[in-house]
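Single-letter residue listing:
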Amino acid sequence: EPEVTQTPSHQVTQMGQEVILRCVPISNHLYFYWYRQILGQKVEFLVSFYNNEISEKSEIFDDQFSVERPDGSNFTLKIRSTKLEDSAMYFCASRAEKTQYFGPGTRLLVL
Amino acid sequence: QQQVKQSPQSLIVQKGGISIINCAYENTAFDYFPWYQQFPGKGPALLIAIRPDVSEKKEGRFTISFNKSAKQFSLHIMDSQPGDSATYFCAASKGANNLFFGTGTRLTVIP
């Protein structure tokens, strides 16, 4: 069964550093999403992406965040200058029809 | 603003019992209500979903009950098994777009 994959599984970075989280969505899906989950809290929407542009973003997704689909398979989330409060699990999801399929996540720890 | 409220926060059920998790939503524009199951270290996985034009949907041991007038929906897990022990999230969206998640319910099924 096709699945969403994410790399790396864990990332530790220093505050102020840039990080890039990578996702490979399911191949025939057209809608892509990033969510985050701070430890012990609910999953929160960050951004949705369709037809090579952002279709919707939340208040969390400020100027420090950007997304890109650099080629036909990868979907990336960049955090330009990480803050301590960016520490969370970041999930990528993709969708063809109604169902969003989530990847296993990248656990980001900002020190 | 909490778009989706979920209760209880945690639930302990004996094997064979019924697990019931409740959610309430605020936005009447929501038209897609999925339930996700999450195991530790994994991404959320779709369990079952419902649209507001039906009051109940059943898939195996899992049933969603939906009350449009009360803006509430619930997940019932019949004959709960230890393998069902996980965190369950309700969610809601408009048009299967970005999902608004509840705060999660940690279910423990005791053998």
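Calculation notes
- Residues numbered from 1 in each chain as written.
- Chains lettered and ligands numbered in written order.
- Predicted model: local features only at pLDDT ≥ 70, side-chain atom pairs only at ≥ 80, totals over all residues.
- Heavy atoms only, no water.
- Buried < 20%, exposed > 50% of the residue type's maximum accessible area, 1.4 Å probe, protein only.
- Helix = DSSP H or I, 4+ residues; strand = E, 2+ residues; numbered from the N terminus.
- Pairing = 2+ DSSP bridges.
- Core = buried A, V, L, I, M, F, W, Y, C linked by side-chain atoms within 4.5 Å.
- Contact = heavy atoms within 4.5 Å.
- Axes fitted to C-alpha atoms, helices over the stretch in contact; angles between N-to-C directions.
- Disulfide = S-S within 2.5 Å.
- Buried area = accessible area lost by both parts, 1.4 Å probe.
- Salt bridge = Lys/Arg side-chain N within 4 Å of Asp/Glu carboxyl O.
- Polar contact = N/O pair within 3.5 Å; in protein donor to acceptor, adjacent residues only side chain to side chain.

Section: the pairing of strand 11 (residues 105–110) of chain B
All names here are of chain B.
Part 1: Only one face of strand 11 is buried, namely the one carrying Thr 105, Leu 107 and Val 109, since none of Arg 106, Thr 108 and Ile 110 on the opposite face is buried.
Part 2: The pairing of strand 9 (residues 86–92) with strand 11 spans 3 bridges and is classified as antiparallel. Counted as the bridge partner of Ala 86 is Leu 107 from strand 11.

Observations concerning the nonpolar core
Part 1: Counting residues in each nonpolar core, the largest one holds 24 residues, and the members touching the most others are Phe 33, Trp 35, Leu 47, Phe 73, Leu 75, Tyr 88 and Leu 107 of chain B.
Part 2: Elements with a minimum of two residues in this core: strand 2 (10–14), strand 3 (19–25), strand 4 (33–38), strand 5 (45–50), strand 7 (62–67), strand 8 (72–77), strand 9 and strand 11 of chain B.
Part 3: With residues near it in sequence (within four places) discarded, Tyr 88 of chain B still touches Gln 6, Ile 21, Tyr 36, Gln 37, Leu 47, Leu 75, Ile 77, Gly 104, Thr 105 and Leu 107 of chain B.
Part 4: Counting residues in each nonpolar core, the second largest holds 21 residues, with Val 4, Phe 32, Phe 61 and Phe 65 of chain A among its members.

Focus on the pairing of strand 5 of chain B
Residues and elements named next belong to chain B.
Part 1: As paired elements, strand 4 and strand 5 share 5 bridges and run antiparallel to each other. Looking at the pairing, Trp 35 lines up with Ile 48 of strand 5.
Part 2: Hairpin geometry of strand 4 and strand 5 is characterised by an intervening segment of 6 residues between the two adjacent antiparallel strands and by a positive phi of about 80° at Gly 41.

Examining the environment of Glu 44 of chain A
Residues and elements named next belong to chain A.
Part 1: On the secondary structure map, Glu 44 appears in strand 5 (residues 43–50).
Part 2: Distance in space between the C-alpha atoms of Glu 44 and Ser 58 is 8.8 Å, their sequence separation being 14 residues.
Part 3: In this view, Glu 44 contacts Tyr 35, Arg 36, Ile 38 and Ile 60; residues no more than four positions away in its chain are not counted.

Comments concerning the sheet that holds strand 8 of chain B
All names here are of chain B.
Part 1: With antiparallel pairing, 5 strands are arranged side by side in an open sheet as 1-3-8-7-6. On the outer flanks of this sheet lie strand 1 (4–7) and strand 6 (56–59), each paired with one strand and no other. Taking each pair of neighbouring strands and ignoring which way they run, the sheet shows an average axis angle of 15°.
Part 2: Here 4 bridges tie strand 1 to strand 3, and the two strands are oriented antiparallel to one another. Bridge pairing in strand 3 links Ser 7 to Asn 22.

Digging into the state of the cysteines
All names here are of chain B.
Part 1: The final tally for this structure, using the stated rule, is 2 disulfides over all chains.
Part 2: Covalent S-S linkage joins Cys 23 and Cys 90, the inter-sulfur distance amounting to 1.9 Å. Because the sign of the S-S torsion sets the handedness, a value of about -90° for the bond joining Cys 23 and Cys 90 places this disulfide among the left-handed ones. Placement of the pair is Cys 23 in strand 3 and Cys 90 in strand 9, with a sequence separation of 67 residues. Just as Cys 23 is buried, Cys 90 falls in that class too.

Re the side chain of Thr 76 of chain A
Part 1: Mapped onto the elements, Thr 76 of chain A comes out in strand 8 (residues 75–79).
Part 2: Non-local contacts of Thr 76 of chain A, meaning those with residues more than four positions away in its chain, are made with Ile 20, Leu 21, Arg 22, Trp 34, Ser 66, Val 67, Glu 68 and Pro 70 of chain A.

Considering the interface of chain A and chain B
Part 1: The interface of chain A with chain B comprises 17 residues on the first partner and 19 residues on the second.
Part 2: Of all residues in chain A, the largest losses of buried area upon contact with chain B belong to Lys 42, Lys 98 and Phe 102 of chain A, amounting jointly to 36% of the total for that side.
Part 3: Applying the counting criterion to the chain A and chain B interface returns 0 salt bridges.
Part 4: Taken together, chain A and chain B are joined by 5 residue pairs in polar contact (both at pLDDT 80 or more).
Part 5: Those elements that provide at least two residues to the side of chain A that touches chain B are strand 4 (31–37), strand 5, strand 9 (88–95) and strand 10 (100–102) of chain A.

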